[in-house]
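Given next are the chains, with one letter for each unit.
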Amino acid sequence: MPGGSSLTDLSGIIAEIDADLRARADWGRPAQYIPQLAKVDPAQFAIAVCDAAGQCHVAGDVDTPFSIQSISKVFALTATLGRIGDQIWRRVGREPSGTSFDSVVLLESEKGHPRNPFVNAGALVVTDALLGGRPPKIALAEILGLVRALAEDDAIHIDAEVARSEQATGARNKALAHYLDSHGNLMDEPERVLGTYFHQCAIEMTVRQLAMAGRSLAALPQAPRLISQDRVRRINALMMTCGHYDGSGEFAFRVGLPGKSGVGGGILVIAPGRASIGIWSPGLDAYGNSKAGTEAAALLSRATGWSVF
């Protein structure tokens, strides 16, 4: 990976990014379709950068937990690959969608075969595969256990109120699940898959915990060795091409690093061999990605020279 600022500069760089974004106060609007997220104050920002030397540099509202939402899809995919391997690719593709995360258009035209595991339809198939006929509590324990092991932090938990809020308002996801079922691409009952998926998305973390959990995907020396290097490469490739839905190309153009967003305002960014980065700001842009968070990722990559290109 070309370029790079010295590690001792990182704390100063992210402090400047924090100050810059607060001065601009261009926060966007939190997700309105999930009541528990809609009431979050948008004027918040946090960033954590865990580097190859084993240090974690932080700035902003770093102790404020948030719902990771679709970032959980990275961990669910990791757990599923560990459980059933490449069999999952028989049921879900690996191509960018060019559509919103909850779109039904491609799912209809492509007969219930989701484009990738990071759009909602693809994530539901992954969750179904991880369930494998087991009780939802077992599958959720597997995802949560993986996240805790990657972050080396047993305090990470699922926010039951957020899960209930999604269950009550997730009509689009319910439609996607039943459409998948109609094409034979769900093995379990749609309601069980949905309940598991809503709870998975309601995992709550801080940016420090998120950055710590991403260290294995960045192949940092101190990271737990829980994911094979072959799978690390492929998960990062999917994050680069599909991690920001129809904004994935723009994120790649501006940031040049693999990343996965969530409508809770979080972004996990991976600088392979250099750093794992957790960013959070709850206001979203038109794509449903964190507005200030995306800007922070662009500023960080520019200041450090980190890029996979």
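Residues numbered from 1 in each chain as written. Predicted model: local features only at pLDDT ≥ 70, side-chain atom pairs only at ≥ 80, totals over all residues. Heavy atoms only, no water.

Caption draft 1: The arrangement of the overall build of the protein in detail. Secondary structure summary: the protein contains 13 helices and 8 strands in total. The dimensions of the protein, computed from C-alpha atoms along their principal axes, are 55 × 40 × 35 Å. Relative to its 309 residues, the protein shows a buried fraction of 57%. The long-range share in the protein, meaning contacts at least 24 apart out of those at least 6 apart in sequence, stands at 70%. For the protein, the accessible area works out to roughly 11,900 Å², and carbon and sulfur atoms hold 52% of it. (Helix = DSSP H or I, 4+ residues; strand = E, 2+ residues; numbered from the N terminus. Buried < 20%, exposed > 50% of the residue type's maximum accessible area, 1.4 Å probe, protein only. Contact = heavy atoms within 4.5 Å. Areas by Shrake-Rupley, 256 points an atom, 1.4 Å probe, with all protein chains shown as cover.)

Caption draft 2: Local environment of the pairing of strand 7 (residues 266–271). Across the 6 residues that make up strand 7, a large majority, 6, are buried. In strand 7, alternate side chains face the same way, and those of G266, L268 and I270 on one face and I267, V269 and A271 on the other are all buried. Of the strand pairs in this sheet, strand 6 (residues 259–261) and strand 7 are connected by 3 bridges, and their pairing is antiparallel. Looking at strand 7, one finds that G259 is bridged to V269. Between the antiparallel neighbours strand 6 and strand 7 lie 4 residues, among them G265 with a positive phi of about 100 degrees. (Pairing = 2+ DSSP bridges.)

Caption draft 3: Broad picture of the packing of aromatic side chains. The full count for this structure, using the stated rule, is 2 aromatic pairs. On the basis of an interplanar angle of 5 degrees and a centroid distance of 5.4 Å, the ring pair of F66 and W280 is categorised as stacked. You can see F66 sitting in strand 3 (residues 66–67) and its partner W280 sitting in strand 8 (residues 275–280), a full 214 residues away along the chain. On the accessibility criterion, W280 (2% relative accessible area) is buried. Between Y197 and F198, the aromatic rings sit 6.1 Å apart at their centres with planes inclined by 50 degrees, giving tilted as the arrangement. Here Y197 matches F198 in class, with each residue buried. (Phe/Tyr/Trp six-rings, centres within 6.5 Å; stacked < 30°, edge-to-face > 60°.)

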